[in-house]
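Okay, here's what each chain looks like letter by letter:
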Amino acid sequence: VERQPGASPDLCDAVRSKFGSLPGSWVRSAMHILHVVGARPNFMKAAPVLRALAARPGVRQSLIHTGQHYDRIMSDVFFQELEMPQPDCNLEVGSGSHAQQTAAILSAFEPVVLERKPNLVLVYGDVNSTVAAALVCSKLRVPVGHVEAGLRSRDRTMPEEINRLLTDQLSD
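None of these values were measured; they are calculated from a predicted model.

**Focus: the pattern of salt bridges**
According to the stated counting rule, one finds three salt bridges in the structure shown. Arg-164 is the partner of Asp-126 in a salt bridge, and the nearest nitrogen-oxygen pair spans 2.3 Å. Placement of the pair is Asp-126 in the loop between β4 (120–124) and α5 (128–139) and Arg-164 in helix α6 (residues 159–170), with a sequence separation of 38 residues. Classification of Arg-164 by relative accessible area gives buried; the value is 7%. Put simply, Arg-164 and Glu-161 hold a salt bridge, and the shortest N to O gap is 2.7 Å.

Following this line, the structure appears as C-alpha cells:
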C-alpha cells in the first residue's frame, strides 16, 4: 500500500506492517475505509469517526449497515440526529437467534468486501454485526480496526462479552 499525500500515515503503516504488499487490485489512490454498523450503540460510536475522517484528504469512506436494528426508532432516527450519512449499503439482516443473525451477516457482508476492496474495515461495539464483520475481514486478510468503549465484564455468559473477546482477537 502506497501512502498518498494527505493520507493518515498511521493507517497506511498499519496496513503495510500487517499485510506487506497487497494484491494490485487492492491498492487505491486513496485510503478506502469501510465502516460497519448494525445497532444503536454502533451509530453513536461511528458518527464522530465518520466526521473526523471526512475532513481528511486522501480518505474515502463507505458506510455499511447490517440491518441488525432496522426500525425507525432503533435505526433511522439515529442517522438523522447524529447527522450521519445514509448507508452506502444496507444488508437488511433483521432479527433472529445469535447464530442466525451472525450467519446472515457473514453471508451478506463477504460479497460487499470483495466488491469494494477496502484498505481497512472499522467495526464498532460488541454486537453480532461487529463480530461477523471482523470474522469476514480476517478470513479475507482485510485489516480490521475495533472501536469500542467501556470495561470488559469478564462475564462469558453475556453474548456481548463473547463478541468483544472474539473481535479483539481478530482485530489488527
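**Brief notes about the environment of Ser-138**
Topologically, Ser-138 is positioned in helix α5. On the basis of relative accessible area, Ser-138 is assigned to the partly exposed category, the value being 33%. Separated by 31 residues in the primary sequence, Ser-138 and Gln-169 place their C-alpha atoms 9.9 Å from one another.

**So, the side chain of Ser-62**
On the secondary structure map, Ser-62 appears in strand β2 (residues 59–65). Classification of Ser-62 as buried rests on a relative accessible area of 4%. Here the side chain of Ser-62 touches His-32 through a polar contact of 2.7 Å, side chain to side chain. If near-sequence neighbours (up to four positions away) are discounted, Ser-62 is found in contact with His-32, Ile-33, Leu-34, His-35, Asp-88 and Arg-116.

**With respect to the nonpolar core**
Core analysis: the largest hydrophobic core is formed by 19 residues, its most contacted members being Phe-109 and Val-121. Residue assignment for this core shows that the elements contributing at least two residues are β1 (31–37), α4 (98–116), β4 and α5. No other element matches the five residues that α5 contributes to this core. Other than its neighbours up to four places away in sequence, Phe-109 contacts Leu-34, Val-36, Ile-64, Leu-91, Val-121, Ala-133, Val-136 and Cys-137. If you look at the next biggest cluster of nonpolar residues, it comprises 17 residues, including Met-31, Phe-43, Phe-78 and Met-84.

**Structural notes on the pairing of β4**
A large share of β4 lies buried, amounting to five of its five residues. Across the two faces of β4 the burial is the same, with Leu-120, Leu-122 and Tyr-124 and Val-121 and Val-123 all buried. Pairing between β1 and β4: four bridges, direction parallel. Paired with Val-36 across the strands is Val-123, a residue of β4. The pairing of β4 with strand β5 (residues 144–147) spans four bridges and is classified as parallel. From the neighbouring strand, Tyr-124 faces β5, where its bridge partner is Val-147.

**What about the pairing of β1?**
Remember that side chains alternate between the two faces of the sheet whenever the strand is regular. Of all seven residues in β1, seven are buried, a share of seventy percent or more. Burial of the side chains of β1 extends over both faces: Met-31, Ile-33, His-35 and Val-37 are buried on one face and His-32, Leu-34 and Val-36 on the other. One ladder, built from seven bridges, connects β1 with β2; its direction is parallel. If you follow His-35 over to β2, its bridge partner there is Leu-63. With helix α2 (residues 40–54) bridging β1 and the parallel β2, this β-α-β connection has right-handed handedness.

**Re the packing of aromatic side chains**
Counted under the stated rule, the structure contains two aromatic pairs. Ring plane angle 40° and centroid distance 6.2 Å describe the contact between Phe-43 and Phe-78, whose orientation is recorded as tilted. Pair noted here: Phe-43 is in helix α2 and Phe-78 is in helix α3 (residues 72–81), with a separation of 35 residues, a long-range link. With centroids separated by 5.0 Å and ring planes inclined at 50°, the aromatic side chains of Phe-43 and Phe-79 adopt a geometry described as tilted. In this pair, Phe-43 sits in helix α2 while Phe-79 sits in helix α3, placing the two residues 36 residues apart along the sequence. For the pair Phe-43 and Phe-79, a shared accessibility class is recorded, and that class is buried. Counting every residue linked through ring pairs, the aromatic cluster contains Phe-43, Phe-78 and Phe-79.

The rules behind the values
- Residues numbered from 1 in each chain as written.
- Predicted model: local features only at pLDDT ≥ 70, side-chain atom pairs only at ≥ 80, totals over all residues.
- Heavy atoms only, no water.
- Salt bridge = Lys/Arg side-chain N within 4 Å of Asp/Glu carboxyl O.
- Helix = DSSP H or I, 4+ residues; strand = E, 2+ residues; numbered from the N terminus.
- Buried < 20%, exposed > 50% of the residue type's maximum accessible area, 1.4 Å probe, protein only.
- Polar contact = N/O pair within 3.5 Å; in protein donor to acceptor, adjacent residues only side chain to side chain.
- Contact = heavy atoms within 4.5 Å.
- Core = buried A, V, L, I, M, F, W, Y, C linked by side-chain atoms within 4.5 Å.
- Pairing = 2+ DSSP bridges.
- Right-handed = clockwise from strand over helix to strand, strands pointing away.
- Phe/Tyr/Trp six-rings, centres within 6.5 Å; stacked < 30°, edge-to-face > 60°.

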